[in-house]
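Letter by letter, the chains look like this.
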Number of protein chains: 2
Amino acid sequence: MTTTDTTAELDDSMRNGVDTATLFATLDAVKQAPQAASFQFRAHNQWHSGTHNRTTISDFFGVGEERTHQRSFTFDADHPAVLVGQDHGPTPVEFVLHALAACLTAGLANIAAARKVKLTQVRSTVTGDIDLNGILGLDPDVRNGYQQITVHFTVKGDAPAEKLRELVEQSRARSAVYDIITNGVPVTIQIDTP
Amino acid sequence: MTTTDTTAELDDSMRNGVDTATLFATLDAVKQAPQAASFQFRAHNQWHSGTHNRTTISDFFGVGEERTHQRSFTFDADHPAVLVGQDHGPTPVEFVLHALAACLTAGLANIAAARKVKLTQVRSTVTGDIDLNGILGLDPDVRNGYQQITVHFTVKGDAPAEKLRELVEQSRARSAVYDIITNGVPVTIQIDTP
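Residues numbered from 1 in each chain as written. Chains lettered and ligands numbered in written order. Predicted model: local features only at pLDDT ≥ 70, side-chain atom pairs only at ≥ 80, totals over all residues. Heavy atoms only, no water.

## Focus on the overall build of chain A
Scanning chain A for helices and strands turns up 5 helices and 8 strands. Reading chain A from its N end, one meets helices and strands in the order α-β-β-α-β-β-β-α-β-β-α-α-β. Taken against the 2.2 N^0.38 rule, which gives 16 Å for 194 residues, the C-alpha radius of gyration of chain A at 21 Å runs more than 25% over that of a compact globule. If you line up chain A on its principal axes, its C-alpha atoms span 70 × 40 × 30 Å. Across the 194 residues that make up chain A, the buried fraction comes to 54%. Of all intrachain contacts in chain A linking residues separated by at least 6 positions in sequence, the fraction that spans at least 24 positions is 47%. Of the roughly 8300 Å² that chain A leaves accessible, carbon and sulfur atoms contribute 48%. Across chain A, the mean location of the 16 positive side-chain charges is 7 Å away from that of the 23 negative side-chain charges. (Helix = DSSP H or I, 4+ residues; strand = E, 2+ residues; numbered from the N terminus. Rg over C-alpha atoms; globule rule 2.2 N^0.38 Å. Buried < 20%, exposed > 50% of the residue type's maximum accessible area, 1.4 Å probe, protein only. Contact = heavy atoms within 4.5 Å. Areas by Shrake-Rupley, 256 points an atom, 1.4 Å probe, with all protein chains shown as cover. Lys, Arg positive; Asp, Glu negative; His and termini not counted. Charge placed at Lys NZ, Arg CZ, Asp CG, Glu CD.)

Have a look at this one:
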């Protein structure tokens, strides 16, 4: 095997920036030890003032042990002035749209890599329609959350349009955030008042 | 009215960093024109490489017109190395936990202000349990998203514990993100393959 062959093999493993060899090895490892796939993710939030608060994301549990991200991430959330805030960050509901776009896009890149499709561009705009008469308590028939969410993808790659659409569909079918948002998750709230 | 009186009145309007006079004026304005409460929020995402992608949040529609945040916000999402990513940002599912903490906390500050309770500390940790056998396609009986989410609040303020708990409960009852996560939202995906 020449250096050129080795490079070619590496290139074949790396696709769309996804190390497919590691991806398949991870799948095999979880098949052998399904409990490794039990993860707990966490967000730590502190209120600052008014609708402004800040979340730190750092620690999580997975593959049998406590872990941390390479660095700690912090995110501010707030309301814009028109919603009586100071606009120090996006509204909480906008982060939900970001989460959905990010999850579908990450899955798309992984699935395309696994199926040997090279992507050249993936863009999306996610919109969420909400009637604030709900959260303002002004109309009991209006829900608090989004009434509908629409994701508009533009996907380019070295496969026919139908194939690219199939990849997006498979990403949807395996998306954690899509499942959370469309099917709901039970939420428990505990309160300490020291 | 003396300057001191004016200051006292201002202090009474501002509570927990919330301008309650503006808050109540906004409620009255929406009562008079309910269609002003129709908002559309948006997230624009671009894929970078592998599971790394970036969202820009800037424009939204509300109170009858197109608007923008005071500045454009960008957020990276990625997977950590243990999930075959480069850890350029939190995972998409961690942003969901952030959104929930931020929404409940913003609502709590508003509601406490409206009910004349002064908060001195609000912290929360949100945890989400997920079995990745779902998204990895290894077990058809495992869902893709979180199996459960728990919010643990620590709330301090100038009210009895029972009152502080009532404020959190009212925030939950009017939270957009809590509603989205617990009750689900229909999501439509459109795909352009130019």
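## Details of the sheet that holds strand β8 (residues 187–192) of chain A
The pairing of strands in a sheet comes from backbone hydrogen bonds and takes either a parallel or an antiparallel form. Pairing within the open sheet is mixed, and its 6 strands lie in the order β5(A)-β4(A)-β3(A)-β6(B)-β7(B)-β8(A). Unpaired on one side and paired on the other, β5 (65–77) and β8 of chain A mark the two borders of the sheet. Neighbouring strand axes in the sheet, compared pairwise and without regard to direction, differ in orientation by 15 degrees on average. Where helix α4 (residues 161–173) of chain B meets the sheet, its contacts fall on β8 of chain A together with β6 (119–131) and β7 (148–157) of chain B, and the angle it forms with β7 of chain B comes to roughly 135 degrees. (Pairing = 2+ DSSP bridges. Axes fitted to C-alpha atoms, helices over the stretch in contact; angles between N-to-C directions.)

## Focus: the pattern of salt bridges
All names here are of chain A. Using the criterion set out here, one finds 12 salt bridges over all chains in the structure. For D59, the salt bridge is made with R42, and the minimal N-O distance between the two is 2.9 Å. One end of the pair, D59, is in strand β4 (residues 52–62); the other, R42, is in strand β3 (residues 38–49), with 17 residues separating them in the sequence. In terms of burial, D59 and R42 fall into one category: buried. Here the salt bridges share partners, and the residues they tie into one network are R42, D59 and E66. (Salt bridge = Lys/Arg side-chain N within 4 Å of Asp/Glu carboxyl O.)

## Looking at the interface of chain A and chain B
Taken together, the 125 residues of chain A in the interface contact 125 residues of chain B. Of the roughly 11200 Å² buried between chain A and chain B, counting both surfaces, carbon and sulfur atoms make up 62%. When residues of chain A are sorted by the area they lose upon contact with chain B, F41, W47 and H98 of chain A head the list and together hold 7% of the total. For the interface between chain A and chain B, the tally reads 2 salt bridges. Between R143 of chain A and D179 of chain B there is a salt bridge, and its shortest N-O distance comes to 2.8 Å. Counting across the interface, chain A meets chain B through 70 residue pairs in polar contact (both at pLDDT 80 or more). Sorting elements by how many residues they give to the side of chain A that touches chain B places helix α3 (residues 92–114) of chain A first, with 17 residues. Of the residues in the side of chain A that touches chain B, the class split is 62 nonpolar, 46 polar and 17 charged. With 6 bridges connecting them, strand β7 (residues 148–157) of chain A and strand β8 (residues 187–192) of chain B associate as parallel partners. When the bridges of β8 of chain B are listed, H152 of chain A appears paired with Q190 of chain B. (Buried area = accessible area lost by both parts, 1.4 Å probe. Polar contact = N/O pair within 3.5 Å; in protein donor to acceptor, adjacent residues only side chain to side chain. Nonpolar A, V, L, I, M, F, W, Y, C, P; charged D, E, K, R; others polar.)

## Examining the sheet that holds strand β4 (residues 52–62) of chain B
Ordered in space as β5(B)-β4(B)-β3(B)-β6(A)-β7(A)-β8(B), the 6 strands form an open sheet in which the pairing is mixed. The sheet terminates laterally at β5 (65–77) and β8 of chain B, the two strands that pair on one side only. Averaged over all pairs of adjacent strands, the angle between strand axes in this sheet comes to 15 degrees, irrespective of strand direction. Two elements, strand β6 (residues 119–131) of chain A and β7 of chain A, share 10 bridges in a ladder whose sense is antiparallel. By the bridge assignment, S124 of chain A is partnered in β7 of chain A with F153 of chain A. Across the sheet, α3 of chain A touches β6 and β7 of chain A together with β3 (38–49), β4, β5 and β8 of chain B, and the angle it forms with β6 of chain A is around 150 degrees.

## Section: the relation of the copies chain A and chain B
By a simple turn and slide, chain A fits onto chain B: the slide is 0.0 Å along the axis, the RMSD is 0.0 Å, and the turn is 180 degrees. A rotation of that kind, with that shift, is consistent with a two-fold axis. The C-alpha atom lying nearest the rotation axis in chain A is that of G184 of chain A; the distance is 2.2 Å. (Least-squares fit on C-alpha atoms with pLDDT ≥ 70 in both.)

## Quick word on the packing of aromatic side chains
Scanning the model with the defined rule gives 10 aromatic pairs over all chains in all. Here F95 of chain A and F75 of chain B contribute two aromatic rings whose centre-to-centre distance is 4.8 Å and whose plane-to-plane angle is 55 degrees, an arrangement assigned as tilted. Of the two residues, F95 of chain A sits in helix α3 while F75 of chain B sits in strand β5, which places them in two different chains. Of the two residues, F95 of chain A and F75 of chain B, neither departs from the other in class, the shared state being buried. Counting every residue linked through ring pairs, the aromatic cluster contains F75 and F95 of chain A together with F75 and F95 of chain B. (Phe/Tyr/Trp six-rings, centres within 6.5 Å; stacked < 30°, edge-to-face > 60°.)

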